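The primary structure of each chain is shown beneath.
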Amino acid sequence: QVQLVESGGGLVQPGGSLRLSCAASGNIFTINDMSWYRQAPGQQRELVAIVTSGGSPDYRDSVKGRFTISRDNAKNTTYLQMNSLKPEDTAVYYCYASVRTWPWSSAYDYWGQGTQVTVSS
């Protein structure tokens, strides 16, 4: 089994910053893509940022220039640095990882439990 544990959410004023972390643990052979999604009340879950195993990032347009995704492969951890936060960034943020548990296995999808980010004055 593989577990993803997120941390770093909270309440911040507009223009502020937060850093989310997501650590994967368990029976891990290799992790492919890692990403962050978010879901606001009454809305569908949306992809925020993704980072490949080689470290290449990509972002949804609304967060480009404000958010930075990174990963530490030695720690099986991904980070999301969020700057210049706006009220519309308020959502539950979920970590996702595509994980192979054995050399000959397929990759499976794993999700974290979610962490609340609230941007409000």
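The rules behind each value
Residues numbered from 1 in each chain as written. Predicted model: local features only at pLDDT ≥ 70, side-chain atom pairs only at ≥ 80, totals over all residues. Heavy atoms only, no water. Core = buried A, V, L, I, M, F, W, Y, C linked by side-chain atoms within 4.5 Å. Buried < 20%, exposed > 50% of the residue type's maximum accessible area, 1.4 Å probe, protein only. Helix = DSSP H or I, 4+ residues; strand = E, 2+ residues; numbered from the N terminus. Contact = heavy atoms within 4.5 Å. Disulfide = S-S within 2.5 Å. Pairing = 2+ DSSP bridges.

Caption draft 1: Spotlight on the nonpolar core. Membership of the largest hydrophobic core comes to 29 residues, with the highest contact counts inside it found for W36, F67, L80, M82 and Y93. Those elements that provide at least two residues to this core are β1 (2–7), β3 (18–26), β4 (30–39), β5 (46–51), β7 (67–72), β8 (77–82), β9 (91–100) and β11 (115–119). Among the elements that take part in this core, β9 stands out by supplying five residues, more than any other. Among residues more than four places away in sequence, those in contact with M82 are G16, S17, L18, L20, R66, F67, Y93 and V117.

Caption draft 2: Focus on the state of the cysteines. If you walk through the whole model with that rule in mind, you get one disulfide. A sulfur-sulfur separation of 2.1 Å characterises the disulfide bridge that pairs C22 with C95. Judged by the sign of its S-S torsion, about -80 degrees, the bond between C22 and C95 is left-handed. With C22 in strand β3 and C95 in strand β9, this pair connects stretches of sequence that are 73 residues apart. Of the two residues, C22 and C95, neither departs from the other in class, the shared state being buried.

Caption draft 3: Region of interest: the pairing of β4. Both β4 and β9 contribute to a ladder of eight bridges, which runs antiparallel. When the sheet's bridge partners are listed, I31 is paired in β9 with V99. The pairing of β4 with β5 spans five bridges and is antiparallel. Pairing of S35 across the sheet is with I50, part of β5.

Keep in mind that these numbers describe shape and distance, not what the molecule does.
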